[in-house]
Amino acid sequence: MPEGDTVWLAAKRMNTALSGQTLRRGELRVPQLAATDLKGRTVAEVVPRGKHMLTRFTDGWTLRTHYRMDGSWHIYRKGARWRGGPAFSIRAVLATDQWDCVGYRLHDVTLVRTTQEDTVVGHLGPDVLGPDWDLDEAVRRLRSHPDEHIGVAVLDQRNLCGPGNLYKVEGLFVCGVHPWMRVADVEDLPGLVERTRALMLANRDRPEQSTTGDLRRGRDHWVYGRKDKPCYKCGTSILRGDQGPDLQERITYWCPTCQATDAAVDPLARTGEPDHPRPLTSAT
């Protein structure tokens, strides 16, 4: 699933292409909006909200799209060939005299009144990359579920929105926190949140995502995607496991030495009890 910094950068580029421009073509290729024609509407701005993108029009309507696991927006100069995938995977087309913005495999395509955006994104916590970021509120939401595993809680977009699996894994490693530690047992929860945010801020203006400071492939992440490879700090083999409720598990990586914790919460010693006391149906 794309991380919040990927959506942030895409929204920035979309805003540059569309802001203040009138659409010469505006198609929404989803059943519930197939008859909606956006042609002739003027784009006010394109902004991110966590992993959601909000395209606001001057007539008071907002188009909300969500990438989920495989969605993406592609921007092409007028007349250029579209290369984001087969035509049947296109879910939206927003085109001006100069640019074609094409949404492939988008999910949750919704058109709402701008004044009613809360109906589609109001459940989200503070936006890690947003102008209204609120550390205290994010920490308060995390602490309101003290028994939740921190690796699950950081991914819950109702606590703070933007971080995905990569930044969850890397933020926990950098702070020496085991993914299966209870939220209540994390010694410096504000520090963990701010460090994770710092990693995202460092990457939001570029397509590459490096948490080590090294952009070379294979050297760009501390533990993410590095199962059985030696930890860059201590040499211990990186472990990988599934974390989260049934059917919604996410792959997690950690160093058993740099992120050592009580064996009682180690995933290899779990009793099979649920990871997450709350359903994740609204956590995106």
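Per chain, residues are indexed from 1 in the order of the written sequence. Local features in a predicted model are, by the rule used here, given only for residues with pLDDT of at least 70; side-chain atom pairs are given and counted only at 80 or more, and totals for whole chains, interfaces and linings are based on all residues. Based on all heavy atoms of the structure, the side-chain values leave hydrogens and waters out of the count.

Where an unreviewed UniProt entry is consulted, the chain appears under the name DNA-(apurinic or apyrimidinic site) lyase, with the organism given as Geodermatophilus amargosae. Turning to the chain, the UniProt record has this under Sequence similarities (unreviewed entry): "Belongs to the FPG family." UniProt positions are given in the numbering used here, feature names are shortened, and annotations may be inferred rather than shown by experiment.

**Some points on the nonpolar core**
We call a set of buried residues a nonpolar core when its members are Ala, Val, Leu, Ile, Met, Phe, Trp, Tyr or Cys and they connect through side-chain atoms within 4.5 Å of each other. A simple rule labels every residue: compare its accessible area, found with a 1.4 Å probe on the protein chains alone, to the largest value its type can have, and call it buried under 20%, exposed over 50%, or partly exposed in between. Among the nonpolar cores identified, the biggest contains 24 residues, and Leu18, Met53, Trp73 and Leu94 are the most heavily contacted of them. Counting residues per element, the ones that place at least two in this core are helix H1 (4-18), strand S2 (43-49), strand S3 (52-57), strand S6 (90-95) and strand S8 (107-113). Here a residue-residue contact requires only that any non-hydrogen atoms of the pair lie within 4.5 Å. Setting aside residues no more than four positions away along its own chain, Leu94 makes contact with Leu18, Leu23, Arg25, Gly26, Leu38, Thr55, Leu63, Trp73, Trp99, Asp100 and Cys101. By size, the runner-up hydrophobic cluster in this structure holds 23 residues, among which are Val139, Ile150, Leu166 and Met200. By definition, any uninterrupted DSSP run of H or I lasting at least four residues is a helix, any uninterrupted run of E lasting at least two residues is a strand, and each is numbered from the N terminus.

**A short note on the packing of aromatic side chains**
Both the distance between ring centres and the angle between the ring planes are used here to describe each pair of aromatic rings. Aromatic rings from Phe, Tyr and Trp, taking only the six-membered ring of Trp, are treated as a pair when their centres fall within 6.5 Å; an angle between ring planes under 30 degrees marks them as stacked, one over 60 as edge-to-face, and anything in between as tilted. Scanning all chains against the criterion turns up four aromatic pairs. Note on Trp222 and Tyr232: the rings are 6.2 Å apart at their centroids and 65 degrees apart in plane angle, and the pair reads as edge-to-face. Taken as a pair, Trp222 in the loop between helix H6 (189-203) and strand S9 (239-243) and Tyr232 in the loop between H6 and S9 lie far apart in primary sequence, 10 residues in all. Of the aromatic side chains, those joined through ring pairs into one cluster are Phe173, Trp222 and Tyr232. Only Lys NZ and Arg CZ are tested; either one counts as a charge over a ring when it is within 6 Å of the ring centre and within 35 degrees of the ring normal. Positioned over the ring face of Tyr232 is Arg226, at 3.9 Å from the centre of the ring.

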